[in-house]
Amino acid sequence: MSSMETEPVSISRRQAVFDSLGPLQEKFVVKSRDYKMQYAHLYFMRLMLMRPIVLEHAQQKWGSLDPKAKHVEKVLDVQQGDISYLVGTVYMDMKLKPNILDDITKDHWIAAQPDRPKYIDDSDSVYLEDESGRVKLTGPKINSDFFVTGVIMGVLGSEDTDGDFKVIDICYAGEAPQEQSSLMETDEADKYVALVSGLGIGSNEFKPLELDLLAEFLTGEIGGTKEQTNSSSIVRVIIAGNSIIIPDIVEDDTKTKKYGYDRSTFVTEPTKILDRFLQEICSSVAVDIMPGDKDPSSVTMPQQPIHPALLPSARGFSTFQSVTNPYWSGVDNVTILGTSGQTIDDIYKYVKSENRLEMAIKTLNWRHLAPTTPDTLWCYPFKDIDPFIMHQAPHIYFIGNQDKFATELVTGKQGQRTRVVMLPSFALTGTIALVNLRTLECHTVCLSSSTRK
Amino acid sequence: MTEDAHAAKKRRMNSSKSQLESQPSFLDELELLQETSNASKLDDPSLLWARPTLNKLNPATDSLVFQQIEADEYMHTSTHTPVIRFYGVTDVGNSVICHVTGFLPYFYVPAPFGFKIENIPAFKTALENGIEKGNSVVKIEWKLKESIFGYHGGEKSPFLKITLKDPRSMAGAKRCMERGISFAGFSDVVCQTYESNIAYLLRFMIDCRITGANWIELPAGTFHFRNDSNSNAQINVEVSYDKLISHQPEGEWSKVAPLRIMSFDIECAGRKGIFPEAKIDPVIQIASIVTVQGESKPFIRNVMVLNSCAHIVGTHTMPFDEEEKLLAAWSDFVRRVDPDVVIGYNTSNFDFPYLLDRAKHLGVLKFPFLGRLNDIRTEAKDTKFSSKAYGNRENKSTNMEGRLQLDMLQVMQRDYKLRSYTLNSVCAEFLGEQKEDVHHSIITELQNGNEETRRRLAIYCLKDAYLPQRLMDKLMCLINYIEMARVTGVPFNYLLARGQQIKVVSQLFRKALEKGFVIPAVSSQGSEDQYEGATVIEPRKGYYDVPIATLDFASLYPSIMMAHNLCYTTLLTPSIIQKYNLVKDVDYVITPNNDAFVMEKKRKGVLPIILTDLLDARKRAKADLKKETDPFKRAVLDGRQLALKISANSVYGFTGATVGKLPCLQISSSVTAYGRVMIETTKQEVEATYTVENGYSHTAEVIYGDTDSVMVKFGVKSLEETMELGRKAAEYVTTKFEKPIKLEFEKVYFPYLLINKKRYAGLYWTKPDKYDKMDTKGIETVRRDNCRLVHNVIDTCLRKILIDRDVIGAQEYTKQIIADLLQNKIDMAQLVITKALSKTDYANKQAHVELAERMRQRDAGSAPALGDRVAYVIIKGGKGVAAYDKSEDPLYVLEKNIPIDTKYYLDNQLSKPLLRIFEPILGDKADSLLTGDHTRTIQVSTPSVGGLMKFAVKTATCLGCKTPLKKGESAVCVNCKDRAPELYQKHQNIVNALEVRFSRLWTQCQRCQGSLHQEVLCTSKDCPIFYMRKKVQKEVQDSSITLDRFVDW
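On a predicted model such as this, the values are computed, not experimentally measured, just so you know.

Caption draft 1: The arrangement of the overall build of chain A in detail. Summing up its helical and strand segments, chain A has 11 helices and 18 strands in all. For chain A, buried positions account for 49% of its 453 residues. In chain A, once contacts between residues fewer than 6 apart in sequence are set aside, the share between residues at least 24 apart is 75%.

Given below as structure tokens:
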């Protein structure tokens, strides 16, 4: 061992100030659940909160046009032939969206159809809706761009003789304002946040060796002083979902069927491995663990923290936090927002493109991180809030469990800077991402145990 | 905008563009939009209402061509002669009323023995005196005719053709002749009358060769305009009946005019729990959609609303402050739009009578004139309609001169056999979509809200107005009915208002006129004479895992009539055989029913001629259909071939209808007798020919046969071979019969489950590579008093047996379902039974009536009213509680956790149909499906009301072992602590599954109602989602509370 030969150096973990961003983060925590509500409230709140913002932008953009365009408050008050602009919620009418009616009426005898990779079809149409009603949007502007249900959008155009609204320009809320990050001027050495997703413990792709490597890397037990110094500059680790994947249980047909008993489908091993892994790294660095769609947690958005009792060893550490998905936090005045990927996975189904990074950037522009809730992304029926509105633009915005690593530094109209990171699954790629808290630069570290195709 | 100003504006735009680089690039587009918008801007949508303007028409030089859609008759006030009035549309869409004058009604009597032409004046006087009204006989002529009934050696005999002045004298004249009449030299001569029982209008159409809904041409110079102040039509003309040209609906003349179709729906504000009454409850909205036949989109969509209403995109909303004004405006609208066809859903029995009663109550005097004639009041009358094919129906009918009415509810009830006829389930069936159903108690609330809630109601009303139109388009009803009118020659409105017979009558009279026959007016008397029907070869029940070939006789009964020349005109009596020395099997044949009919070489029968014409026309239509590419023309041709087929098949029934215009049981009994013989012959021939002795690999076996088909098991395993054998066998057996009887190989069933007579199921193959469909006959999946579970289980079992060929799997599935049922795991929506509450005083107590009464006692407001559908489930009751008292409202059951009587569902709903399917396969062992291991575990929910629950104390129990928990334990007991993660996981999974269900169900309802921002109000009990949605709300709430007990462990 090389460290034996040289003089032992004491390297200590760098410290950073953690901010739980209470007002933003608390909205993701659903304390008492009430299912008497319908989803109309959520859409209504979203429209109420975001319409003034979009309208302001629309007025800036179209308020002084010639010929004059007038603002119409209710979608249905549009008069045929008048050039006007309106603000409302997008609704995508897509016949390939999963339809529970079909599932229960028609083909109830076949196993449920596998989810389609995409919902798009030539017959799709785009509507703009508000509390008064909806109008169909047409025109080249509509055909050339992509839209998803739930986005609050302003459109400029006029109603044609078919009663459709021909759109010639579009506007969104745009990037939210941003808290100034004070770190830019610091002379301290750089600090990093490590972003990991898709540990995939229990899945076929899971490689125990790579998980060990990851633990060693994060705790600084790997490499020489240089590597260890690098590791020590990681001030926080965020695990963005799908840490555990419970394998499908193959039905045992040989046993005679017992009626009236539920077969136990519980497998404890992956949870134990995760617990040991977390115990190891929590001893050295602060860790936030978010649930993903495969984790043993709630399934509707926002996903609630994984029950700490499932991770008995890790939960003892003050550095351990089980958090929601999506998740807001602040480290040294750098604001971080991330999801475990479902938000973009769902948008992906509405869009022809394969470019998921572009979709994530679009959500910043929409100022909404999960517009497709509740239409196609399952969601708790909120009454007075829409927790997914981005009231401020984060400095770091990451999406877990994506097909490949991608990143871009997005600059907003008022100088907002957001580092967008698409995180691949660790089990599949062995890759994690490190974001520099001062410069917002982002690079990957590959801890692969073998060469991958 | 002048040229200059325009140019200036362009310049200004250009300059501004160069100055401001950041100006959006869409400005050009914006300006373009502005211009086109201004051009298309329509200030007043009511400008669209009127028909196309009329081009100048000069009767001296122009001819007038129109498609007639309806006709009626009236007496001319000055000449006192009957006039036919046609209502029609030209091919550019102008409305026409054409008065046809000069045609007089007539009938025949055989000249009494010894009667001479000289006796006519005396006879005329006697007859005139005999008819109550004087001066009513116009003329009596001597004609040589032949009665259609029986063969008389081809000799004509003298008839007197009596022409009357007034159609209303016909009955009197007929009575007079039948009573007996005396005149110079003749006393009390009783005469059977001929052709005296046909309506004047139909008589006229037959004589002028006019068929229903065909095109009529008035050549230049033959007609003149009439000034009719009371007519709404654009063209009003008069013509003499012998001048008009009737175009047969062939080639160019098979087109359809641009008919205006109006579909509408009304909403009334009822009171809670009471069916709306016109004297009390106001009409609050009327939505109307007008479409031109052949176009895909409506050109008028409007809704008239009492009180204000927010704007609806693409729709003309018209608010009214008074109901009287609304009703008056709607009747004005109808007259201005002047629709040719009026459709809706249950408009005959509800919307029209209600509107008329309401208008009368409010004193809207100009309302009840909805037809094309301003002097004829529109009224709703009760009609009774009784037909063997359609049963007895009591309906209301509303007259609207010149407008066809197609109540889609009646069309559905007539043409389709469905589980339920609510607009909801009909749409689910044919349009594949669920309809939002707003409960009538909410309608009043929405109306009393603000302009937004009224808008919501208006959208609902518009949808209901549009759906009948969509249904009609989808099912091609209008085209098919028009073609039926054309093929059979009856006026369009006979098709819905009358039965099958009139269609055959129309054709028979037409053909008789052509061939010189006259048709006796037999007084119809219901005789109970029953004749033997079709034969059924005793089924060899069982599950066949080899291909079964089906051989069918194509159009069996028509071809028998043609092959053996069975007709009124060929029927022989022994005396006639003797009189003309006819020789058996040379001149005539004896049918298997021992009736004698003369052979074709002596005389070809009228019925065989009609049938040949119909089937030839069908062949032509089908050939044209193959060539035609235009979708609309294809629809017309397809409608025609269908009409021709139905018409050909109804001829046989006509001869056998004892309560009919011209029953002749010799014909119908002979037809069925031939049919029986043929089925037997086919069986013998096939079984004698396809044998191992004759070199075939297996001996064929006829396992079942019914009416016109036989099922043959050739024994071979491959589909190709079976199909080949089937084809060969059909060809071979065909040679044993007279032409045009033809046995056809049509399909193979493989596998085939033969349950009993007229009950079977199988996979249907017409080509060897892929099956066409799963075909089931007589297996109750459509019975309405079954719950959905029965339907689903039977359907799934059949699919497993037939498609997957997994009999074991089907049994396993059945056992699992039964186990689930007994353990309360079946979704309650599957157990709901619905029945319409049509009257309250049933003779026996009925479950749904009793429940409605109980619900009324609980809350009169939400209880079902008369006409509503009552949904119920059967709940557990004490011993001896009658079944009708065990019905309960599903929502109440959900709320109170009332245990369901799962045993009832197993014994009374599932067991019979299941045994029926499995008995042919398993034999006596089928019973094992209903008893055994899987029925031992049962679970009953704990009710929150009634009985012992008053004394029960709730204690939390361990989620692992159900022992009562001690203080400080929230989820599990000490002993189960180790299992806590597992149990937590299990409950988390339950909550997750329910949450997903919750999300999917409620978002689906949002999609269906077409709004994200408004609450879902729909209460459609026919929709499979409704109860699931309610149930999941409760379940997810309960289970998340349970999950919350895992605070820690």
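Caption draft 2: Representation of the overall build of chain B in the model. Counting its secondary structure elements, chain B contains 27 helices and 35 strands. Projected onto the principal axes, the alpha-carbon positions of chain B cover approximately 120 × 100 × 65 Å. Buried positions account for 42% of the 1049 residues belonging to chain B. Considering only intrachain contacts with a sequence separation of at least 6, the fraction spanning at least 24 residues in chain B is 68%.

Caption draft 3: Just the pairing of strand β29 (residues 709–713) of chain B, in detail. Residues and elements named next belong to chain B. Across the 5 residues of β29, 4 count as buried, placing the element largely inside the fold. Relative to β29, strand β24 (residues 548–553) runs antiparallel, the two sharing 5 bridges. Note that in β29 the partner of Thr550 across the bridge is Met711. As judged from the 5 bridges shared by strand β28 (residues 701–706) and β29, these two strands associate in the antiparallel manner. Considered in β29, the bridge of Val702 is made with Val712. Remark: 2 residues form the turn of the hairpin made by β28 and β29, two consecutive strands paired antiparallel; Thr707 in that turn has positive phi of roughly 55°.

Caption draft 4: Region of the structure containing the sheet that holds strand β25 (residues 571–572) of chain B. All names here are of chain B. Spatially, 3 strands are ordered β25-β27-β26 in an open sheet, and the strand pairing comes out antiparallel. In the strand order of this sheet, the two ends are held by β25 and β26 (588–590), each with one partner. One ladder, built from 2 bridges, connects β25 with strand β27 (residues 596–598); its direction is antiparallel. Bridge pairing in β27 places Leu572 opposite Ala596.

Caption draft 5: Summary view of the interface of chain B and chain A. At the junction of the two partners, chain B supplies 63 residues and chain A supplies 56 residues. Listed by contribution, the elements that provide at least two residues to the side of chain B that touches chain A are α2 (27–40), α11 (451–475), α21 (788–802), α26 (980–1009) and α27 (1025–1044) of chain B. For the side of chain B that touches chain A, the element with the highest residue contribution is α26 of chain B, accounting for 18 residues.

Caption draft 6: Layout of helix α14 (residues 501–515) of chain B. All names here are of chain B. Here α14 spans 21 Å end to end across 15 residues, near enough to the 21 Å set by a 1.5 Å rise per residue. Turning to α14, its buried residues are Gln501, Ile502, Lys503, Val504, Val505, Ser506, Gln507, Leu508, Phe509 and Ala512. Here the buried face of α14 lies against α5 (200–207), α12 (477–488), α13 (494–497), β21 (517–518), α17 (606–627) and α18 (631–656). Phi turns positive one or two residues past the end of α14, at Gly516, with a value near 80°.

Caption draft 7: Region of the structure containing the sheet that holds β21 of chain B. Residues and elements named next belong to chain B. The mixed open sheet is built from 4 strands, whose spatial order is β4-β6-β5-β21. The sheet is open, and its two edges are formed by β4 (106–110) and β21, each paired on a single side. Inspection of the sheet shows β4 paired to strand β6 (residues 157–164) by 5 bridges, in the antiparallel sense. Within the sheet, the bridge partner assigned to Val109 lies in β6 and is Leu160.

Caption draft 8: Local environment of the UniProt feature "domain: C4-type zinc-finger of DNA polymerase delta" (unreviewed entry) in chain B. The UniProt feature table records "domain: C4-type zinc-finger of DNA polymerase delta" (unreviewed entry) at residues 958–1029 of chain B. Helix makes up 49% of residues 958–1029 of chain B and strand makes up 0%, while its end C-alpha atoms are separated by 29 Å.

Caption draft 9: Geometry of unusual backbone geometry. Cis peptide bonds are those with omega within 30 degrees of zero, and the linkage from Thr373 of chain A to Pro374 of chain A qualifies with -10°. Residues Phe750 of chain B and Pro751 of chain B are joined by a peptide bond in cis, for which omega reads -10°. By secondary structure assignment, the location of Pro751 of chain B is in strand β30 (residues 743–756). For Met476 of chain B, which is not glycine, the phi dihedral falls at a positive 55°. Mapped onto the elements, Met476 of chain B comes out in the loop between α11 and α12. Residue Met476 of chain B is classed as partly exposed on the basis of its 16 C-beta neighbours within 10 Å.

Caption draft 10: Region of the structure containing the domain arrangement of chain A. Residue and element names in this part refer to chain A. As assigned here, chain A comprises domain 1 (2–32 + 177–247 + 265–446) and domain 2 (40–171). Computed from C-alpha coordinates alone, the two centres of domain 1 and domain 2 are separated by 33 Å. Domain 1 puts 22 residues into the contact, and the matching count from domain 2 is 17 residues. Along the lines of polarity and charge, the residues of the side of domain 1 that touches domain 2 split into 10 nonpolar, 5 polar and 7 charged.

Caption draft 11: The confidence of the model for chain B, seen in detail. Residues and elements named next belong to chain B. Here chain B averages 85 in pLDDT, and 91% of its residues register 70 or above. Counted against residues more than four places away or in other chains, residues 1–24, with its pLDDT under 50, gives 7 contacts. In the model output, the complex is listed with pTM 0.74 alongside ipTM 0.89.

Caption draft 12: Focus on the packing of α14 of chain B against α17 of chain B. Residues and elements named next belong to chain B. The contact between α14 and α17 brings their axes to 10 Å, and the two run at 115°. Classed by the angle they form, the pair α14 and α17 counts as roughly perpendicular. Remark: the crossing between α14 and α17 carries right-handed chirality. Of the residues in α17, those in contact with Gln507, Lys511, Ala512 and Lys515 of α14 are Val606, Ile609 and Ile610. The class makeup of the residues in the contact of α14 with α17 is 4 nonpolar, 1 polar and 2 charged.

Caption draft 13: Fine view of the confidence of the model for chain A. Residues and elements named next belong to chain A. Mean pLDDT for chain A: 84, with 89% of residues reaching 70 or above. Predicted confidence in chain A is weakest over helix α1 (residues 2–5), with a mean pLDDT of 47, and strongest over strand β14 (residues 396–402), with 94. For the stretch residues 107–112, pLDDT sits under 50, and the model shows 5 contacts to residues farther than four places along the chain or on other chains.

Caption draft 14: Summary view of α27 of chain B. Counted at 1.5 Å a residue, the expected span for α27 of chain B with its 20 residues is 28 Å, and the 28 Å between its end C-alpha atoms agrees. Along α27 of chain B, the positions that sit buried rather than exposed are Ile1025, Phe1026, Tyr1027, Met1028, Arg1029, Lys1031, Val1032, Gln1033, Val1036, Ser1040 and Leu1043 of chain B.

Caption draft 15: Region of interest: the nonpolar core. Membership of the largest hydrophobic core comes to 401 residues, with the highest contact counts inside it found for Val193 and Leu195 of chain A together with Val712 of chain B. Built from parts of two domains, this core gets at least three residues from each of domain 1 (2–32 + 177–247 + 265–446) and domain 2 (40–171) of chain A. With residues up to four places along the chain from it excluded, the contact list for Leu195 of chain A reads Ile238, Ala240, Phe398, Val421, Leu423, Ile432, Ala433 and Val435 of chain A.

Caption draft 16: Structural view of the packing of helix α6 (residues 208–219) of chain A against helix α8 (residues 269–282) of chain A. Residue and element names in this part refer to chain A. Packing of α6 against α8 leaves a shortest axis separation of 9 Å and a crossing angle of 15°. Classified by the angle their axes make, α6 and α8 are roughly parallel. In terms of crossing hand, the pair formed by α6 and α8 is right-handed. Together, Leu211, Ala215, Leu218 and Thr219 of α6 and Phe277, Glu280 and Ile281 of α8 make up the contact between the two elements. Here the contact of α6 with α8 is built from residues that sort into 5 nonpolar, 1 polar and 1 charged.

Caption draft 17: Spatial organisation of the environment of Pro282 of chain B. Residues and elements named next belong to chain B. Within the element layout of this structure, Pro282 appears in the loop between β13 (260–268) and β14 (283–292). When the 20 C-beta atoms within 10 Å are taken as the criterion, Pro282 is described as buried. With 72 residues separating them in the primary sequence, Pro282 and Tyr354 have C-alpha atoms 9.9 Å apart. Every residue in contact with Pro282, bar those within four places of it in the chain, is listed here: Cys268, Ala269, Leu306 and Glu323.

Caption draft 18: Layout of the pairing of strand β8 (residues 186–189) of chain B. Residue and element names in this part refer to chain B. Where strand β7 (residues 181–183) lies against β8, 2 bridges are found, and the strand directions are antiparallel. The residue of β8 that forms the bridge with Phe183 is Phe186. Adjacent in sequence and paired antiparallel, β7 and β8 are bridged by 2 residues, among which Gly185 carries a positive phi angle near 85°.

Caption draft 19: Structural detail: the environment of Gly341 of chain A. Residue and element names in this part refer to chain A. Take Gly341: it is sitting in the loop between β13 (334–339) and α9 (342–348). Considered as a pair, Gly341 and Leu440 are 99 residues apart in the sequence and their alpha carbons are 21 Å apart. Excluding residues that lie within four positions of it along the chain, Gly341 makes contacts with Gly241, Gly292, Ile399, Gly400, Asn401 and Gln402.

Rules behind the numbers
- Residues numbered from 1 in each chain as written.
- Chains lettered and ligands numbered in written order.
- Predicted model: local features only at pLDDT ≥ 70, side-chain atom pairs only at ≥ 80, totals over all residues.
- Helix = DSSP H or I, 4+ residues; strand = E, 2+ residues; numbered from the N terminus.
- Buried ≥ 20, exposed ≤ 12 C-beta atoms within 10 Å, placed from the backbone.
- Contact = placed C-beta atoms within 7 Å.
- Pairing = 2+ DSSP bridges.
- Expected span 1.5 Å × (residues − 1).
- UniProt positions renumbered as here; feature names shortened; annotations may be inferred.
- Domains from an automatic or database assignment.
- Nonpolar A, V, L, I, M, F, W, Y, C, P; charged D, E, K, R; others polar.
- pLDDT = per-residue confidence, 0-100.
- Axes fitted to C-alpha atoms, helices over the stretch in contact; angles between N-to-C directions.
- Parallel < 35°, antiparallel > 145°, perpendicular 65-115°, else oblique.
- Left-handed = near helix turned anticlockwise from the far one by under 90°.
- Core = buried A, V, L, I, M, F, W, Y, C linked by C-beta atoms within 7 Å.

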